[in-house]
Every structure is written in structure tokens, then in C-alpha cells.
Amino acid sequence: MSFKRGKSLEPLIVAITFTSASFAASNMGPTVVDSSQTFEQTVDSIKSAIKSKGLAIVYEANHKNMIEMVGGKATPSVLIGFAKPQLGEKLLSIEPLAGIEMPMRIAVREVDGGKVKVIYYLPSALFKNYDNPKLEKLGQKMDKMIEMFVKAGTK
């Protein structure tokens, strides 16, 4: 799919809405962490940490590029989607409806004159929506993993 100036953003908005719907249902807001690194260093460090633990980068949505495709201006901002098939298999076997929560996501955004923020939701918070103790336990394990990736990217 390509966007040209003057073209509708409707397909993009629909995709973002469905991808983010589970976030809105959560009682907890996102976790926001300041990075001491540049935007590029933060993104690279997080991606390296994800790969070092055997997870795959499923996508990297570059918000700035998408906005510029339609003539807008934006600061650097990406959404990194990542997963591990074995983890997805376990998640789906515990709660098939929770598949909407995968892949896991971490956003990195440059704000206020070069400050870099890393934004994510804890899987355990998202999984509370399913009222499944087994899923909450898996979410706590996934929380530690995401926090490790964020720590690697923000130190």
C-alpha cells in the first residue's frame, strides 16, 4: 500500500484502530520511560535486545515517514512489533481471544527538542481483560522480557 499526497489515510487509520483496540480496553495506561540515548541508538538497542533473546522483529512502523508521505511533518517515531512463535503458541493455547495482543509492541518517539521516550503496555495489564489466571501468569513473564528490552534501549 502506498500513500500519495492528497490520498486518504482511511486504511491506515482503520489498521491503527484495530491494532490499538486492546490497549483502550486496559485499565492501565502505557508505561513511559525516558531514554538517555539518541532516537536512533534507542531503536537500535531495543531491536538488538529483542533479537538477542530469539524473538523476531515482525514489523517496524515508521510514523514519521507515514505522516510525511501525505505532506505532514512529524518528529521521529516508530512502533516495533515483535514476537516469538513459541510464546504465541502458548498464549493462544491458554486464551485464543488474546491473539489480538500479539505481536508485542514498543514505541519509540522523539519529543520536546530531542528527548526520547519509550512507550509500551505491560502484557499482564492487557491480559487482565481476559480474567484468566494462567494468562496473567504468562503476562508477568512477558512483562519482565519487555522491561529488559526497554532497559537495554534506554540506559
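The model shown is predicted, which means the values in this text are computed figures rather than measured ones.

Undergrad: Give a description of the packing of helix α2 (residues 39-52) against helix α6 (residues 133-154) that names residues and reports values.
TA: At a minimum axis distance of 7 Å, the contact between α2 and α6 shows a crossing angle of 145°. Remark: the crossing between α2 and α6 carries right-handed chirality. Only F149, A152 and G153 of α6 make contact with α2, whose side of the interface consists of T42, S45, I46, A49 and I50. Partitioning the contact of α2 with α6 into residue classes produces 5 nonpolar, 3 polar and no charged.

Undergrad: Help me get a handle on the nonpolar core, residues and values and all.
TA: Ranked by size, the top nonpolar core spans 33 residues in total, and within it F82, M104, I106, V108, M142 and F149 carry the most contacts. Counting only elements with at least two residues in this core, the list comes to α2, β3 (77-83), α4 (85-94), β4 (104-111), β5 (115-120), α5 (123-127) and α6. Ranked by residues supplied to this core, first place goes to α6 with 7 residues.

Undergrad: Give a detailed account of unusual backbone geometry, specifying residues and quantitative values.
TA: Most peptide bonds are trans, and most residues other than glycine sit at a negative phi. Following M102, the chain continues into P103 via a peptide bond in cis, with omega recorded as 0°. The residue P103 is located in the loop between α4 and β4 in this model. Within the chain, D112 stands out as a residue other than glycine whose phi angle is a positive 40°. In this fold, D112 is placed in the loop between β4 and β5. Phi is positive for D131, which is not a glycine, with a value near 50°. Its location among the elements puts D131 in the loop between α5 and α6. For D131, a relative accessible area of 67% corresponds to the exposed category.

Undergrad: Break down the pairing of β3 for me, citing the residues and quoting the values.
TA: Consecutive residues of a regular strand have side chains that alternate between opposite faces of the sheet. Among the 7 residues of β3, 7 are classified as buried, and the element is accordingly described as predominantly covered. Along β3, one buried face is formed by S77, L79, G81 and A83 and the opposite face, lined by V78, I80 and F82, is buried too. With 6 bridges connecting them, strand β2 (residues 56-62) and β3 associate as antiparallel partners. For I57, the partnering residue across the bridge sits in β3 and is F82. Both β3 and β4 contribute to a ladder of 6 bridges, which runs antiparallel.

Undergrad: Describe the side chain of S35, with residues and values.
TA: Within the fold, S35 resides in strand β1 (residues 31-35). A polar side-chain atom of S35 sits 2.7 Å from a polar atom in the side chain of T42. Here G153 takes part through its backbone oxygen, which lies 3.2 Å from a polar atom of the side chain of S35. What S35 contacts, discounting residues up to four positions off in sequence, is T42, V116, G153 and T154.

Calculation notes
Residues numbered from 1 in each chain as written. Predicted model: local features only at pLDDT ≥ 70, side-chain atom pairs only at ≥ 80, totals over all residues. Heavy atoms only, no water. Axes fitted to C-alpha atoms, helices over the stretch in contact; angles between N-to-C directions. Helix = DSSP H or I, 4+ residues; strand = E, 2+ residues; numbered from the N terminus. Left-handed = near helix turned anticlockwise from the far one by under 90°. Contact = heavy atoms within 4.5 Å. Nonpolar A, V, L, I, M, F, W, Y, C, P; charged D, E, K, R; others polar. Core = buried A, V, L, I, M, F, W, Y, C linked by side-chain atoms within 4.5 Å. Buried < 20%, exposed > 50% of the residue type's maximum accessible area, 1.4 Å probe, protein only. Pairing = 2+ DSSP bridges. Polar contact = N/O pair within 3.5 Å; in protein donor to acceptor, adjacent residues only side chain to side chain.

Shape descriptors only; they carry no functional weight alone.
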